[in-house]
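In case you want the letters, here they are:
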Amino acid sequence: MKETQPPTTMNLNPTAKETASPDLGFAAEPIANPSEVVVIGRKAFLAGLPLATTLRPSPSCNAAATCTVAALLDSIKDSGKASSFVPLSDDGKSVKLTIIAPPPAEKVSRNNHPFSPHFISDKLEGLRAAALKGLVQINVFNDNIEEIMGPVAAAIARTLPLYDSKSKKKDMMTIKKENAGVCVSYFNHQGVALDPASPLWASARAVAEGVRLAANLGDMPPAELDPDEYATVCAAVASRLAKDGANITLQEIKGDDLRTGGYGGIYGVGMAGRCPPRMIVMTYTPAARQWEANVGEEHIALCGKGVIYDTGGLGLKPKASMCGMKHDMGGSAGLLGGFMAAVELKVPQKITLILAVVENSIGPESFRNDDILTMKSGKTVEVNNTDAEGRLILSDCVNYASNSIGKVDVILDMATLTGAQGVCTGQKHAAVLAKTKAIEDRVFAAGLRSGDLVYPMLYDRLLMSEFDSKVADMKNSVKNRNNAQASCAGHFIESHIDEAYEGDWVHVDMAGPDSKNERANGYGVALVLGLLKAPGFC
């Protein structure tokens with residue numbers, strides 16, 4: 001596969017890529033002499049383990065270390081976090097120990113992952129700063145370590161964002177020491193480290209790398225990550241996977257080729273951008289022996305909304321609402337990271353990744369309210385809200401998936417689509433609109449297994465009446481914003497799937513879970529692995 005050279009971009013922040021980020025590694029053997037140790041496990045489980053011995057105190061300090069660890073555990077009620085310095089030797093050497101105890105299983109909601117990955121991420125606040133200053137060893141304990149390994153790796157990765165443009169003079173925490181970073185080890189119910197030969201180590205590394213990639217893309221300002229640069233990132237991912245032996249193809253349709261090809265949604269939304277809009281298609285075909293060894297020949301299409309920046313177009317967003325719109329490509333980033341991780345793990349399913357990458361900008365070429373777009377489906381859309389652009393570009397993607405890439409069993413589209421999603425399912429659970437109960441249950445279960453939580457929305461095609469138009473097949477925004485508008489937006493996308501398509505379809509609106517505290521979360525990477533039942537997410 002041909003290497004793609006980075007294009008010249010309008011980068012307003014040329015020093016950004018010089019900023020250091022903490023390394024994240026996974027190993028069966030904990031590192032020696034860490035500056036800090038973090039222990040993660042349920043309180044009742046940890047109480048039965050000789051935790052103090054894992055800190056390697058000298059014989060003369062063993063009793064004091066044991067007492068300190070016991071006191072930390074006693075200070076936690078059912079769940080919580082406690083920290084203290086634990087003495088290791090008579091010469092004054094000590095190590096900072098932090099215990100994070102997730103809630104007991106019986107206190108975890110049926111709609112949450114049993115080990116509460118969100119709780120772990122919240123309690124690991126400050127990990128990034130510590131990992132820039134020294135070595136942090138994280139030891140994870142559980143009786144079924146194989147079931148939580150991947151989700152916990154994703155939870156840890158979310159706390160170690162790669163992007164940072166703080167100057168070294170202003171913030172010394174951005175200066176990474178040579179002997180610094182994070183190492184994660186896993187232990188079973190007997191306190192025995194997971195076998196170094198276990199394939200689950202690859203799963204932990206793959207999901208962590210995918211989450212950090214997706215979050216990094218989401219955090220990058222639009223002057224640094226424009227559509228040209230995003231295409232370069234995709235090409236680099238495809239090239240790396242191909243060099244590792246995967247059967248990967250990469251295709252890009254952009255600019256006038258979108259217009260002549262009938263992609264009116266993608267072209268219409270993106271034609272005012274400084275960089276041309278594009279649809280990026282990556283396909284992974286597994287080796288024949290993988291088809292034979294596992295499931296049938298399932299082909300899954302992943303369609304992602306990649307609005308690099310959303311001004312709202314001529315229907316301009318208010319200034320407060322526009323801040324953070326660099327995250328409006330989070331659906332595409334999560335699917336790219338999930339695709340990368342799945343290919344690295346050699347999953348048996350064929351996967352086609354379809355990303356619509358645009359800038360919803362203002363300029364002489366902007367599409368307008370009252371314009372009519374002819375979509376890839378052939379249907380016409382009267383624009384009544386240029387800020388309802390995500391559904392337009394995804395509609396072209398799902399149509400392409402339904403009739404242009406051979407037989408497809410499942411089309412999944414994912415997007416930061418509506419503010420109404422947060423009202424519908426909240427900030428931690430993405431909202432799911434599913435064609436069938438079977439795919440709804442499958443994605444819901446994938447969310448529980450992976451920690452990228454989802455919850456179903458109302459599915460009823462009667463909602464399409466919200467888009468009635470006098471002059472076109474439909475409008476792109478609802479008449480009544482109080483009538484299940486998050487479901488309506490998903491049904492709009494569904495309406496552009498080819499009528500001859502016989503496979504399943506599911507829409508994931510992850511506007512809420514996509515980011516937290518102005519940072520992208522890398523949501524969707526683990527969900528993809530859960531959907532595919534990759535090792536560690538079964």
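Everything here concerns the structure above.
These remarks concern the structure in this document. (Residues numbered from 1 in each chain as written. Predicted model: local features only at pLDDT ≥ 70, side-chain atom pairs only at ≥ 80, totals over all residues. Heavy atoms only, no water.)

**A closer look at the overall build of the protein chain**
The condition is simple: A run of H or I in DSSP counts as a helix once it spans at least four residues, and a run of E counts as a strand once it spans at least two, with each numbered from the N terminus. Put simply, the radius of gyration uses C-alpha atoms, and a globule should come to 2.2 Å times the residue count raised to 0.38. In this scheme, a residue with accessible area under 20% of its type's maximum is buried, one over 50% is exposed, and one in between is partly exposed, where area comes from a 1.4 Å probe on protein chains only. Residues are treated as being in contact if the distance between any of their heavy atoms lies within 4.5 Å. The protein chains shown are the only cover counted for residues, whose accessible areas, like all others here, come from Shrake-Rupley with a 1.4 Å probe. This count recognises Lys and Arg as positive and Asp and Glu as negative, with His and chain-terminal groups excluded. In plain terms, the charge of a residue is placed at NZ if it is Lys, CZ if Arg, CG if Asp and CD if Glu.
Looking only at helices and strands, one finds 18 helices and 19 strands in the protein chain. Its C-alpha atoms give the protein chain a radius of gyration of 24 Å, near enough to 24 Å, the size a compact globule of 538 residues would have. Projected onto its principal axes, the C-alpha positions of the protein chain cover 85 × 50 × 45 Å. By the burial criterion, 59% of the 538 residues in the protein chain qualify as buried. In the protein chain, the share of contacts with a sequence separation of at least 24, taken over all contacts with a separation of at least 6, comes to 78%. On the protein chain, roughly 21800 Å² of surface is accessible, and the fraction owed to carbon and sulfur atoms is 52%. Of the charged side chains in the protein chain, 54 are positive and 60 negative, and the gap between their average positions amounts to 4 Å.

**Quick look at the state of the cysteines**
Put simply, the test is: To count as a disulfide, a pair of cysteine sulfur atoms needs to be within 2.5 Å.
What the rule picks out here adds up to zero disulfides. Cysteine 61 provides the cysteine sulfur closest to cysteine 67, a residue in no disulfide bond, and the two sulfurs are 12 Å apart. Cysteine 488 supplies the cysteine sulfur nearest to cysteine 424, a cysteine that is in no disulfide, at a spacing of 11 Å.

**A look at the nonpolar core**
Here is the rule: Residues enter a nonpolar core if they are buried and are Ala, Val, Leu, Ile, Met, Phe, Trp, Tyr or Cys, with the set joined through side-chain atoms within 4.5 Å.
Grouped together as the largest cluster of nonpolar side chains are 97 residues, with contacts concentrated most on Ile138, Val140, Tyr186, Leu217, Tyr230 and Leu336. Sorting elements by how many residues they give to this core places helix α7 (residues 200-219) first, with 10 residues. Judged by nonpolar contacts, the second largest core, of 48 residues, contains Val269, Cys397, Ala415 and Cys488.

**Re the pattern of salt bridges**
How we decide: By convention in these notes, a salt bridge is any Lys or Arg side-chain nitrogen within 4 Å of a carboxyl oxygen on Asp or Glu.
For the structure on display, the rule yields 22 salt bridges. With a closest N to O distance of 2.6 Å, arginine 158 and aspartate 452 form a salt bridge. Here the residue arginine 158 occupies a position in helix α6 (residues 145-158), and aspartate 452 occupies one in the loop between α16 (437-450) and β15 (454-456), the gap between them amounting to 294 residues. Both residues of the pair, arginine 158 and aspartate 452, count as buried. Of the charged contacts in the structure, one is a salt bridge between aspartate 256 and arginine 259, with a shortest N-O distance of 3.8 Å. Taken together, the residues aspartate 256 and arginine 259, both in helix α9 (residues 256-261) and three residues apart, mark about one turn of the helix.

**Thoughts on the packing of α6 against α7**
In plain terms, the rule: Angular values range over 0 to 180 degrees, each being the angle between N-to-C directions of two axes fitted as lines to C-alpha atoms, with helices fitted over their stretch in contact. Roughly parallel means an angle under 35 degrees; roughly antiparallel means over 145; roughly perpendicular covers 65 to 115; every other angle is labelled oblique. What makes a crossing left-handed is the near helix being turned counterclockwise from the far one by less than a right angle; a clockwise turn instead makes it right-handed. Residues are grouped as follows: nonpolar covers Ala, Val, Leu, Ile, Met, Phe, Trp, Tyr, Cys and Pro; charged covers Asp, Glu, Lys and Arg; every other residue, Gly included, is treated as polar.
As a packed pair, α6 and α7 sit with axes 8 Å apart at the nearest point and diverge in direction by 30°. It follows that α6 is roughly parallel to α7 by the angle criterion. Here the hand of the crossing between α6 and α7 comes out right-handed. Contacts from Glu146, Met149, Gly150, Ala153, Ala154, Ala157 and Arg158 in α6 reach Leu200, Trp201, Ala204, Val207, Ala208, Val211 and Arg212 in α7. Among the residues making up the contact of α6 with α7, the classes are represented as 10 nonpolar, one polar and three charged.

**Thoughts on α16**
The test is simple: Expected span, for any helix, means 1.5 Å times one less than how many residues it has.
Compared with an ideal rise of 1.5 Å per residue, which puts 14 residues at 20 Å, α16 spans 20 Å between its outermost C-alpha atoms and is within 8% of the ideal. Among all positions in α16, only Ile439, Glu440, Val443, Phe444, Ala446, Gly447, Arg449 and Ser450 are buried. In this fold, the buried residues of α16 make contact with α6, β13 (410-415), β14 (430-434), β15, β17 (504-509) and α18 (525-532). Glycine 451 occupies a position one or two residues after α16 and carries a positive phi of about 90°.

**Here we look at the packing of aromatic side chains**
Basically, it comes down to this: For this analysis, a ring pair means two rings from Phe, Tyr or Trp (six-membered ring only for Trp) whose centres lie within 6.5 Å, classed as stacked if their planes differ by under 30 degrees, edge-to-face if by over 60, and tilted for the remaining angles. When the NZ atom of lysine or the CZ atom of arginine is within 6 Å of a ring's centre and also within 35 degrees of its normal, the charge is said to sit over that ring.
Within the structure shown, the criterion is met by five aromatic pairs. Between phenylalanine 141 and phenylalanine 187, the ring centres sit 4.8 Å apart and the planes meet at 15°, which makes this aromatic pair stacked. With phenylalanine 141 in strand β5 (residues 135-141) and phenylalanine 187 in strand β6 (residues 181-187), this pair connects stretches of sequence that are 46 residues apart. There is no split in this pair, since phenylalanine 141 and phenylalanine 187 are both buried. Both rings, one in tyrosine 263 and one in tyrosine 400, keep their centres 6.5 Å apart while their planes meet at 50°; by these two values the pair is tilted. Here tyrosine 263 is found in the loop between α9 and α10 (264-270), whereas its partner tyrosine 400 is found in helix α14 (residues 390-403), with 137 residues between them in sequence. Note on tyrosine 400: relative accessible area 8%, which makes it buried. The positively charged end of lysine 376 is found above the aromatic ring belonging to tyrosine 263, 5.2 Å away from the centroid.

**Structural notes on unusual backbone geometry**
The backbone phi angle of asparagine 33 is positive, close to 55°, even though this residue is not glycine. Here asparagine 33 falls in the exposed class, since its relative accessible area comes to 57%. Backbone geometry at serine 116 places phi at a positive 55°, although glycine is not the residue there. Tracing the chain through its elements places serine 116 in the loop between β4 (94-101) and α4 (117-123).

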